[in-house]
Amino acid sequence: MRVFITGATGLIGSAVVAELLANGHSVTALARSDASAAAATAAGATAVRGSLVDLDVLQSAAASADGVIHLAFGNDFSSAEALTQNIAEESAALATLGDALVGTGKPLVTVSGTPWIPGRASTENDPLPLDGPVGGRGVSVERMLGLSSRGVRGSAIRLPRTVHNEGQGGFAGLLTQFARQAGVAGYPGDGAQRWPAVHALDAAVLFRLALEGSPAGRAWHAVHDEGDTVLDIVSVIGRRLGLPVEPRPLSEFGPIGPVFATDQPASSALTRAELGWQPTHPRLLADLEQLEA
C-alpha cells in the first residue's frame, strides 16, 4: 500500500514509518523543513515538502495515496492561544485529508487522545470530549469518522497521555522537561491521578493494523499501562535526574495543566480482542529508567 503520512519524523511517526516499511508498504512523508525531509528520506520514505497549513499539498498527496495516516500536531504548548492555533490548523488539515478520500473506500487513520471518564477507565466506546482545552480535536476527529457514510474508511487511534521510547515523549516527557528547567521534579494535584501509557513501537503496530483492516468509523485505544499514578512517574524522574520530588501549583504546567491534574485511566481490551494488538515493549516506569541526569 502507498501510504501518505503526516508527522513522520516525530517520536511516534518515525516508529510508524519503520513499521510500515517493514511490512511491505511504501511511505510518502510530509516534511516541513530540510531537516525533516532528510530524516524521512534516510528512513526510507519519499519526502514531500509542506506543513499542515499547506492544504493543497495535503490534498494532492492524499489523493495519490492508497491510504493516509495523520499524526502531525503543533509543538507549541506555551499558551492557550498557541494550543488553540494548533487545534485549528489540525482541524483544517484533517478535513482536507478526509475530503480527498471521499468516495474511494481508502483508509484514513488519525490520532486523538483517550477520553477521561469519572470513576473508571475509559473504553473505545466512550465519546471524546468536545469541550475543554483540547475539545476541538475531538470535534475534528468525530467529523472525520463521520465520513464513513461517504466512502472513507476512517478510524482513530486514541493515544494515551504518554507515548514513550527510551524514557522520552508524552506527558511524562513534559514532566521531565519541567523538572530539568525548575530543578525539582514537580507534579500537579496530589499525584494520585492516573495516566495511561504505551511504548511508541507498540503504538506503531496499532496504526498499521488499523490502516490495513479497521472497519470504518471505529476508535481504538493504544494503551499498554492502564494507569500509572503521576506520583509514581515523577518519583522515577526525580530519582533518575537526582532532583527532589514535590507538588507544584497547577499554574506551572501551562494551558494543559487541568488535563495534567485529571485522573484518566484507559482500557484497550476491545482493541486487543478485535484487532489482535498485543503490546510487547517496556512499560512506562521501566522505560523511564533510561533517563540520564
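For clarity, every value in this text was computed on a predicted model and none was experimentally measured. (Residues numbered from 1 in each chain as written. Predicted model: local features only at pLDDT ≥ 70, side-chain atom pairs only at ≥ 80, totals over all residues. Heavy atoms only, no water.)

A separate point is the sheet that holds strand β11 (residues 225–229). Read across the sheet, 3 strands follow the order β7-β9-β11 without closing on themselves; strand pairing throughout is mixed. Because the sheet does not close on itself, it has two edges, and the strands there are β7 (162–164) and β11. The sheet shows a mean angle of 40 degrees between the axes of neighbouring strands, direction not considered. Examined bridge by bridge, strand β9 (residues 194–199) and β11 share 3 bridges and lie antiparallel to one another. Bridge pairing in β11 places A197 opposite D225. Sitting on the sheet, helix α6 (residues 170–182) is in contact with β7 and β9, with an inclination near 85 degrees to β7. Against the sheet, helix α8 (residues 230–241) contacts β9 and β11, and its axis sits at roughly 70 degrees relative to β11. (Pairing = 2+ DSSP bridges. Helix = DSSP H or I, 4+ residues; strand = E, 2+ residues; numbered from the N terminus. Axes fitted to C-alpha atoms, helices over the stretch in contact; angles between N-to-C directions. Contact = heavy atoms within 4.5 Å.)

The next subject is the side chain of H199. The topology assignment puts H199 in strand β9. Apart from the residues within four sequence positions on either side, H199 is in contact with V163, H164, N165, E166, H281, P282 and D287.

Worth remembering: the numbers are spatial, not functional.
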